[in-house]
Amino acid sequence: MGPTRAQFVQYAPAALAVVPLVVGPWSALVAAAAGAGAWAVGASAPVLRSLIACGLTSTGCGIAAGEVLAAGGNPLIALGLAVPAGAAALAHHRNLAGHIPAAALTPATTGTGAAPGQTSQAQLITAWWREFISGPTQTEGRVLIQAGANLEHLGLEIDSDHVAFTGIITLPQGQQVKVRAADIAAVYQIPVSQVELGDPKHYAPNALPVTVHLKMPAVQPQIAAGAPTTPEELWAAYVGVPEGAMPGTSLTVTRYDGPLDWEGIATRDRRAIGTVNLQDLAGNLDLETIQIALSPGDKPSQMGIRVMREHALMHGTMLSSVLDELSMDSRGYVRAGTYVDGLPALLPLAQPGSGARHLYLVGGSRSGKSGLLEQILLSAHRSGIAVVLASPQAGTIAGASLAAHLGDGLDEAMGALRLAYAMMLDREARYRSPAFPFTDPLVLVVIDEAHMLLSASSPYHLEAKAIVEQLTRRSLKRGIGVVLATQTPLAEDLGNSTVIRSQLLIGGGAVFLRCARGQGNLVGANAVEGAEGLDLSMIPSQWPGQYAKVSNRDMSGLATEAAAAPEDGTFGLGYLLTPGSQAVQFRSLHLDVAPVSLAGGEPPVRIEDCDAWRQRDTITQTPMVDKRGKNLIGSLADLLAAAEGAPSSQEPTHHNPAGLHVVTEPARPGGAPAAPEGQELIKPRILELLQEHSIPMTAETIARKLETSAKNVKPRLSELKKRGEVTNENGLWRAA
């Protein structure tokens, strides 16, 4: 076999140094042949220059030696002319050490002229190690990295795109290896990352294994953000990796209309995908969160993915365009909005042959919750469903006129809950069979801002919690459904009642809209089956690019007839969860017209004529729990008996400065005038009030009922507490 490229470049100067002594003037031809051969094997420019210089020197020396011998001169003089040729060969060898790249080491077999048992590559690796690291070769002006640190047990790993050698750096007993990875990398002209040294803690101080990758496989180019690469490549590079949002998954694209408009299915082999953090997924794909929609499939190992350049729901669906879909169909569903895939989003209000359905609605301020409630009131009206509306925050529901009974304000909303409970007891007394024929209308009990009644800080906490628990448990078979709306999915908004939440979700659907930051996580105690991992606070309030649009101010004056467009905000954007499915992104209908205007001026659907409805005025004023806030009245007869002794609902009312309707306290026994606000006279009134109502109250509620100010009530409450006549728990006062 002929010499390798590296062997030719390395040993040609030595031949040039010897040949002139033999062939004399003909050495010029030899030098020319060597230069042509070096050029043919593709030697680098510095190596060629060094080789040519060596050849010229050797040629000159050869011609001079030939002339001396031809003239009969002293042969020692001719021999001395070989010294410059040898010096030139040595200089070329030194130059060669800095210009043969490691990548030039290609696979080769052992040559006949190589050292026994070593290939030419191994000889070159060993030569460089001795030259620069261990010695004994020592060049003037160069300091060895660590003299005596020999490379033992050399092994080569060579294939088409990878060249590496391994060995053990060995020193005499008692010495410690000090050769660093950076030193080896500098010698072999490779990155430090391609040198692997063993951990000294696990080996003897004088023996350290080393692996040097002289040639590495070509690194795949990094995927640039926004580059027109395929979704599968992006997914494999960032999402399916161990640190990605969906590790271990692969993507199958089902529709592709560009890098920012595609759909696909993520699959994990024989394992459930589990909860997906939408924020992490958006970061992996370098997108806005609002540009991605997830749709869980029937298999836990699959998840539908949609990426949108412009969100599919940005321009909304107009309420006026789907009027025929607002009435309940034969399956009990009404149109609530549009899913992200363009299909109608339907809500169940009834289940034929079974009864009504519940709905759990969560949404913070400016999320579109009130608009969806108005839409539900219109659908109920068009479907012949009567509505009992409890709105603790007075005047917030524009479609309140569609309700058969309206409880507007905190006290009145509590009265609406009492009436709804009485209606359920009345129907239970009249219809013993669970599947009664629905000769009476379906009833929806709509509770807006339910946390104002159910939370522990509410003066009606215990009574409202007991009533709502019973309604959600028992009312569906009686044709009464509950629509309960709160601002957050937190358990405390439902009075920390697991019964209410579970019954709402079992008996119907749920709508989740945007919540305040930190209050929208559906995890832990707030987890909802089918909506695991959602963070409602991550639903943005604006579409991408809308902030810049708002900055273009119009100073021409307020346009009183201007109407908000769907793209002006993300009102109504959220997730819809129906029984037996996963939460899917949707958007409620855009109210391009007021829902109440579509009622056609017809009166609200009325509740049937029954004892509970006829006695509604007194029932709404009758507390349904005992003095301890427990033992809810359980039958219609007991309720009507308690209602007969309740204060009349015709008592005069007045407006306080806050605009709340307050029932005036009855005259004091004996017709005595109201006691002055003295310290000793107001205490008995406070104690009497707490004992009569048996419901915990805040100091402000007590002051309102006694028609005085809170600053007069709070000191008296503290004095009564010291006497042990009242107790205070979380700001709620009650008689001891």
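These numbers were taken from a predicted model, which means no experiment stands behind them.

Peer 1: Account for the overall build of the protein chain, naming residues and giving values.
Peer 2: Counting its secondary structure elements, the protein chain contains 21 helices and 24 strands. The contacts in the protein chain between residues at least 6 apart in sequence include a share of 63% that link residues at least 24 apart. Approximately 35,800 Å² of the protein chain is accessible, and the part contributed by carbon and sulfur atoms is 55%.

Peer 1: Requested: an account of the nonpolar core, with residues and values cited.
Peer 2: The biggest cluster of nonpolar side chains holds 86 residues, and the ones touching the most others in it are M246, L281, L417, I447, L484, F512 and L536. Looking at which element gives the most residues to this core, the answer is helix α11 (residues 410-430), with eleven residues. Dropping the residues within four chain positions of it, L536 is found in contact with V362, P489, F512, L513, R514, C515, G520, L522 and Y575. Counting 33 residues, the second largest nonpolar core, distinct from the first, contains A345, L372, A400 and A403.

Peer 1: Mind laying out the environment of D341, listing which residues take part and the relevant values?
Peer 2: Mapping D341 onto the fold places it in the loop between β9 (333-339) and β10 (344-348). By relative accessible area, D341 is classed as partly exposed at 47%. It is 9.6 Å that separates the C-alpha atoms of D341 and S295, two residues lying 46 residues apart in sequence. A polar contact of 3.1 Å, which involves the side chain of D341, links it to the backbone nitrogen of L343.

Peer 1: Account for the pairing of strand β17 (residues 480-486), with residues named and values stated.
Peer 2: Here is the key point about a regular strand: its side chains alternate between the two faces of the sheet. Taking burial as the measure, the seven residues of β17 include seven buried ones, the bulk of the element. In this sheet, β17 lies alongside strand β16 (residues 443-447) in parallel orientation, the contact comprising five bridges. If you follow V446 over to β17, its bridge partner there is V483.

Peer 1: Pulling in residues and values, what's your account of the packing of α11 against helix α13 (residues 461-474)?
Peer 2: The N-to-C vectors of α11 and α13 enclose an angle of 40°; their axes lie 10 Å apart at closest approach. Between α11 and α13 the crossing geometry is left-handed. Along its contact with α11, which presents M414, L417, R418, A420, Y421, M424, L425 and E428, the element α13 presents E463, A464, I467, V468, Q470, L471 and R474. By residue class, the composition of the contact of α11 with α13 is ten nonpolar, one polar and four charged.

Peer 1: So what about the sheet that holds strand β8 (residues 302-307)? Which residues, and what values?
Peer 2: Taking strand neighbours across the sheet as the criterion, the four strands line up as β5-β6-β8-β7 in an open arrangement whose pairing is antiparallel. Strand pairing shows two members of the sheet lacking a second neighbour, β5 (249-256) and β7 (292-296), which therefore form its edges. Strand-to-strand twist across the sheet, computed as the mean angle between neighbouring axes with direction ignored, equals 25°. Relative to β5, helix α8 (residues 231-239) is tilted by about 160°, and along the sheet it contacts β5, β6 (262-268) and β8.

Peer 1: So what about helix α6 (residues 120-134)? Which residues, and what values?
Peer 2: With 15 residues, α6 should cover 21 Å at 1.5 Å per step; its first-to-last C-alpha distance of 20 Å lies within 8% of that length. Along α6, twelve of the 15 residues are buried, which leaves the element largely enclosed by surrounding structure. What α6 keeps buried is the set S120, Q121, A122, L124, I125, T126, W128, W129, E131, F132, I133 and S134.

Peer 1: Residue-level account of the sheet that holds strand β3 (residues 195-197), with values.
Peer 2: One open sheet accounts for four strands, arranged β1-β2-β4-β3; its pairing is antiparallel. The open sheet has two edge strands with one neighbour each: β1 (150-159) and β3. When the angles between neighbouring strand axes are averaged without regard to direction, this sheet yields 15°. Both β1 and strand β2 (residues 162-170) contribute to a ladder of eight bridges, which runs antiparallel. In the strand pairing of β2, D159 is matched with H162. Packing against the sheet, helix α7 (residues 181-188) makes contact with β2, β3 and β4 (207-215), and its axis sits at approximately 145° to β3.

Peer 1: Tell me about the pattern of salt bridges, and name the residues and values.
Peer 2: All told, the structure shown has 21 salt bridges when counted by the stated rule. The salt bridge partner of E263 is R255, with a shortest N-O separation of 2.9 Å. The salt bridge involving R427 is made with E608; its shortest N-O contact spans 2.9 Å. Of this pair, R427 sits in helix α11 while E608 sits in the loop between β20 (584-588) and α16 (611-614); the two residues are 181 residues apart in sequence, bridging distant segments of the chain. For E608, a relative accessible area of 9% corresponds to the buried category. Connected through shared salt-bridge partners, D426, R427, R430, D440 and E608 make up one network.

Peer 1: Pulling in residues and values, what's your account of the confidence of the model for the protein chain?
Peer 2: When pLDDT is averaged along the protein chain, the result is 79, and 74% of the positions lie at 70 or above. Segment residues 97-115: pLDDT under 50, and 30 contacts once partners within four positions in sequence are set aside and those in other chains are kept.

Peer 1: Explain the side chain of H162 to me, using residue names and the numbers behind them.
Peer 2: Considering the arrangement of structural elements, one finds H162 in strand β2. Among the polar contacts listed, one links the side chain of H162 to the side chain of H213, at a separation of 2.9 Å. Apart from residues lying up to four places away in sequence, H162 is in contact with E157, H213, K215, M216 and P217.

Reading the values: rules and limits
- Residues numbered from 1 in each chain as written.
- Predicted model: local features only at pLDDT ≥ 70, side-chain atom pairs only at ≥ 80, totals over all residues.
- Heavy atoms only, no water.
- Helix = DSSP H or I, 4+ residues; strand = E, 2+ residues; numbered from the N terminus.
- Contact = heavy atoms within 4.5 Å.
- Areas by Shrake-Rupley, 256 points an atom, 1.4 Å probe, with all protein chains shown as cover.
- Core = buried A, V, L, I, M, F, W, Y, C linked by side-chain atoms within 4.5 Å.
- Buried < 20%, exposed > 50% of the residue type's maximum accessible area, 1.4 Å probe, protein only.
- Polar contact = N/O pair within 3.5 Å; in protein donor to acceptor, adjacent residues only side chain to side chain.
- Pairing = 2+ DSSP bridges.
- Axes fitted to C-alpha atoms, helices over the stretch in contact; angles between N-to-C directions.
- Left-handed = near helix turned anticlockwise from the far one by under 90°.
- Nonpolar A, V, L, I, M, F, W, Y, C, P; charged D, E, K, R; others polar.
- Expected span 1.5 Å × (residues − 1).
- Salt bridge = Lys/Arg side-chain N within 4 Å of Asp/Glu carboxyl O.
- pLDDT = per-residue confidence, 0-100.

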